[in-house]
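# Tertiary structure, described
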Amino acid sequence: MEQKVTDEILVAYADGELTPEEHAALETRLAADPVLAERARVFLNTGRTALSDLYDDGLNAPVPKHLRALVLDNAQATGVANSVRQWWRRFRTDRPFEAGMATAFGWKHATALSLGLVIGGIAGWTGYGLNQTSHPIGSIGVVAHGDVLTALETQPAGHSLPLDNSGRRDTTFKVLLTFHSRTGEICRQYHLARQKQAQTRSTPSFVGVACRQSGGDWRIMAHVPVSQRTSAADKVTTASHPKNQSVEAVVDDLITGDVLTLEQEAGLINRHWKVAQ
Amino acid sequence: MSSEFRAELVRFLPRLRRFAHGLTGNLETGDDLVQDSCLRALSRVDQFRSGMRLDSWMFKITKNIWIDRLRSEQVRGTVVPIDESLAAGSSDGQKLVDERLTLQAVNSALDQLSPDLRVLICLVSIDGLSYRDTADVVGVPIGTVMSRLARARRQLHDLVNQGAGQAHVVES
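Residues numbered from 1 in each chain as written. Chains lettered and ligands numbered in written order. Predicted model: local features only at pLDDT ≥ 70, side-chain atom pairs only at ≥ 80, totals over all residues. Heavy atoms only, no water.

## Quick look at the overall build of chain A
Regarding its fold elements, chain A presents 13 helices and seven strands. The proportion of buried residues among the 277 residues of chain A is 49%. A sequence separation of at least 24 residues applies to 61% of the contacts in chain A between residues at least 6 apart. Surface summary for chain A: the accessible area is close to 13,600 Å², and the carbon and sulfur share equals 54%. (Helix = DSSP H or I, 4+ residues; strand = E, 2+ residues; numbered from the N terminus. Buried < 20%, exposed > 50% of the residue type's maximum accessible area, 1.4 Å probe, protein only. Contact = heavy atoms within 4.5 Å. Areas by Shrake-Rupley, 256 points an atom, 1.4 Å probe, with all protein chains shown as cover.)

## Focus on the confidence of the model for chain B
Residues and elements named next belong to chain B. Taken as a whole, chain B shows an average pLDDT of 77; of its residues, 76% reach a score of 70 or greater. Ranking the elements of chain B by mean pLDDT puts helix α4 (residues 84-89) last with 31 and helix α7 (residues 131-138) first with 95. In the predicted structure, residues 74-101 sits below a pLDDT of 50 and forms 37 contacts with residues beyond four places in sequence or in another chain. In the model, residues 164-172 has pLDDT below 50 throughout and makes 18 contacts with residues more than four positions away in sequence or in other chains. (pLDDT = per-residue confidence, 0-100.)

## Comments concerning the environment of histidine 191 of chain A
By secondary structure assignment, the location of histidine 191 of chain A is in strand β3 (residues 186-194). Judged by its relative accessible area of 11%, histidine 191 of chain A is buried.

## As for the environment of aspartate 158 of chain B
Examined against the element boundaries, aspartate 158 of chain B turns out to sit in helix α8 (residues 142-163). Separated by 49 residues in sequence, aspartate 158 of chain B and alanine 109 of chain B place their C-alpha atoms 8.7 Å apart.

## Looking at unusual backbone geometry
Residue and element names in this part refer to chain A. A positive phi angle is found at histidine 272, which is not glycine, with a value near 55 degrees. Tracing the backbone through its elements, the reader meets histidine 272 in the segment after α13 (262-270). The exposed category is assigned to histidine 272, whose relative accessible area is 54%. For tryptophan 273, which is not a glycine, the phi torsion comes out positive at approximately 70 degrees.

## Things to note about the nonpolar core
Generally speaking, nonpolar side chains in soluble globular proteins are found buried as a group. Ranked by internal contacts, the top residues of the largest apolar core, which has 69 residues, are Leu9, Leu16 and Met58 of chain B. Sort the elements by how many residues they give to this core and helix α1 (residues 3-24) of chain B lands first, with nine residues. Among all residues touching leucine 16 of chain B, those that are not within four sequence positions of it are Val34, Ser37, Cys38, Met58, Phe59 and Thr62 of chain B. The next biggest cluster of nonpolar side chains, apart from the first, holds 22 residues, and it includes Ala210, Trp218, Leu262 and Ile269 of chain A. (Core = buried A, V, L, I, M, F, W, Y, C linked by side-chain atoms within 4.5 Å.)

## With respect to the state of the cysteines
Residue and element names in this part refer to chain A. Taken as a whole, this structure holds one disulfide over all chains when the rule is applied. Note that cysteine 187 is cross-linked by a disulfide to cysteine 211, the S-S spacing being 2.0 Å. Across the disulfide from cysteine 187 to cysteine 211, rotation about the S-S bond amounts to roughly 105 degrees, and the bridge is consequently right-handed. Of this pair, cysteine 187 sits in strand β3 while cysteine 211 sits in strand β4 (residues 202-212), and the two are 24 residues apart along the sequence. Across the pair, exposure class does not vary: cysteine 187 and cysteine 211 are buried alike. (Disulfide = S-S within 2.5 Å.)

## Side note on the packing of α1 of chain B against helix α2 (residues 27-43) of chain B
Residue and element names in this part refer to chain B. The N-to-C vectors of α1 and α2 enclose an angle of 140 degrees; their axes lie 8 Å apart at closest approach. Here α2 runs oblique to α1, going by the angle between their axes. Judged by the twist between their axes, the crossing of α1 over α2 is right-handed. Residues Phe5, Arg6, Leu9, Leu13, Leu16, Arg17, Ala20, His21, Leu23 and Thr24 of α1 touch α2, and the partners they reach there are Leu27, Thr29, Gly30, Asp31, Leu33, Val34, Ser37, Cys38 and Leu42. Among the residues forming the contact of α1 with α2, the class breakdown is eleven nonpolar, five polar and three charged. (Axes fitted to C-alpha atoms, helices over the stretch in contact; angles between N-to-C directions. Parallel < 35°, antiparallel > 145°, perpendicular 65-115°, else oblique. Left-handed = near helix turned anticlockwise from the far one by under 90°. Nonpolar A, V, L, I, M, F, W, Y, C, P; charged D, E, K, R; others polar.)

## Focus: the pattern of salt bridges
All chains considered together, the criterion is met by 15 salt bridges over all chains. Ionic pairing is found between arginine 39 of chain A and aspartate 7 of chain A, a salt bridge with its closest N-O pair at 3.0 Å. Of this pair, arginine 39 of chain A sits in helix α3 (residues 34-44) while aspartate 7 of chain A sits in helix α1 (residues 7-14), and the two are 32 residues apart along the sequence. You can call arginine 39 of chain A partly exposed: its relative accessible area is 26%. In this structure aspartate 7 of chain A comes out as partly exposed when scored by relative accessible area, which is 21%. Of the charged contacts, one joins aspartate 133 of chain B and arginine 53 of chain B as a salt bridge, the two residues approaching to 2.8 Å between their closest N and O atoms. Of the two residues, aspartate 133 of chain B is situated in helix α7 and arginine 53 of chain B in the loop between α2 and α3 (54-73); the sequence distance between them amounts to 80 residues. Given the relative accessible area of 18%, aspartate 133 of chain B is considered buried. Three or more residues joined by partner-sharing salt bridges are found here, namely Asp56 of chain A together with Arg15, Arg18, Arg53, Asp55, Asp127 and Asp133 of chain B. (Salt bridge = Lys/Arg side-chain N within 4 Å of Asp/Glu carboxyl O.)

## Regarding α1 of chain A
Within α1 of chain A the residues assigned to the buried category are Leu10, Val11, Ala12, Tyr13 and Ala14 of chain A. In the stretch just after α1 of chain A, glycine 16 of chain A is the one whose phi turns positive, near 70 degrees.

## Looking at the side chain of aspartate 111 of chain B
Structurally, aspartate 111 of chain B can be placed in helix α5 (residues 93-111). Side-chain polar atoms of aspartate 111 of chain B contact the side chain of arginine 118 of chain B, separated by 3.1 Å. (Polar contact = N/O pair within 3.5 Å; in protein donor to acceptor, adjacent residues only side chain to side chain.)

## Focus on the environment of arginine 154 of chain B
On the secondary structure map, arginine 154 of chain B appears in helix α8. Non-local contacts of arginine 154 of chain B, meaning those with residues more than four positions away in its chain, are made with Asp7, Val42 and Phe43 of chain A.

## A few points about the packing of aromatic side chains
Residues and elements named next belong to chain B. Scanning all chains against the criterion turns up seven aromatic pairs over all chains. Arranged with centres 5.3 Å apart and planes meeting at 70 degrees, the rings of phenylalanine 12 and phenylalanine 59 form a pair that is edge-to-face. Highlighted residues: phenylalanine 12 in helix α1 and phenylalanine 59 in helix α3, separated in sequence by 47 residues. Residue classification places phenylalanine 59 among the buried positions, given a relative accessible area of 0%. In this structure an aromatic cluster arises from ring pairing among Phe5, Phe48 and Trp57. (Phe/Tyr/Trp six-rings, centres within 6.5 Å; stacked < 30°, edge-to-face > 60°.)

Rendered as structure tokens:
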């Protein structure tokens with residue numbers, strides 16, 4: 001009496017995991033038994049050849065630069081990076097970059113921005129860093145993508161942009177300032193906050209610095225949590241935790257020259273971050 | 001950390017990306033997972049002993065992070081965009097359409113499998129890992145790999161063929 005051919009045997013046959021003897025014996029039975037052959041077809045059609053080919057385009061595509069750089073130059077794979085990446089996930093979008101966003105949040109909206117507010121913000125932020133010792137500067141192995149990348153590329157300083165967080169849009173991203181780095185890059189300091197429904201409540205918030213690489217990636221140079229307190233009275237958000245000092249120290253070490261004016265910043269955005277000669 | 005390890009990890013990145021793509025359903029999210037995996041691996045490189053296989057080690061790390069993420073977020077993706085990379089890699093217009101439909105159908109079907117079964121499909125059917133190596137990655141006996149894989153493949157076949165008429169492209 002012939003042994004029953006189980007699904008386990010058929011899947012092993014489809015995947016080439018049987019011994020040559022087992023394989024040959026099963027092929028003999030498959031040739032003589034159409035019902036068995038039909039059962040085997042289920043596993044052959046979902047086997048290595050059928051499925052791996054579907055994903056080979058990803059396999060053959062160039063590895064993104066930031067992943068290569070992460071492996072080859074991972075100087076600070078620290079808890080900070082973990083924190084950053086957890087936040088990036090919130091802002092990851094499965095949508096491709098939408099050119100329309102630049103229009104939707106373009107400069108006509110930026111005219112409502114108060115220059116005084118920006119300058120005041122700068123003064124407040126940098127004030128925390130005045131007495132700090134320098135911190136090592138360098139990428140923490142993360143580059144911006146999704147909505148955050150879009151915001152860094154297109155948003156003027158001071159404009160809060162709701163990020164699409166699983167459709168809830170409960171997180172805002174705001175560029176605080178833009179400046180040239182000593183190594184010739186354009187860098188932007190940002191503030192990232194999640195909104196809460198409660199009138200007064202501490203909420204998770206981060207400040208960080210991203211610098212635009214020659215290839216167009218925005219590399220995160222620093223990203224630290226701050227305590228954000230929202231006043232019920234005036235809805236003004238203030239960053240008031242000393243932890244943001246480290247970001248300010250990073251800015252201090254990176255910056256050369258003055259913080260860019262809104263006009264200078266607008267010019268760079270319009271030129272896709274190409275520095276005028 | 002040895003430069004040899006880093007170089008070997010870089011060479012392995014395309015396979016890791018394909019595995020992560022299969023797990024997450026799209027290349028961008030997959031790259032996020034790859035990034036996490038590499039960071040974790042680099043931070044624990046002292047645990048990588050001589051004689052260990054990098055692919056098994058990295059697959060294990062990636063699988064664990066992905067399952068942890070599923071548990072913590074309790075999210076199962078439903079939207080499966082077509083990766084732009086697919087368009088870049090195909091020159092035949094009709095072939096491109098067929099591949100997209102099939103990839104979309106398979107991704108949708110994979111999304112309906114349990115995480116454990118999806119991992120198996122990605123390791124065996126997409127990456128081509130042997131049953132023995134797969135058993136090592138997922139930490140179950142090889143017989144369990146076979147029985148789970150049989151269940152997974154049957155479910156996958158049924159889901160693909162139920163899901164859309166175009167899914168028949170999978171048929172070889």
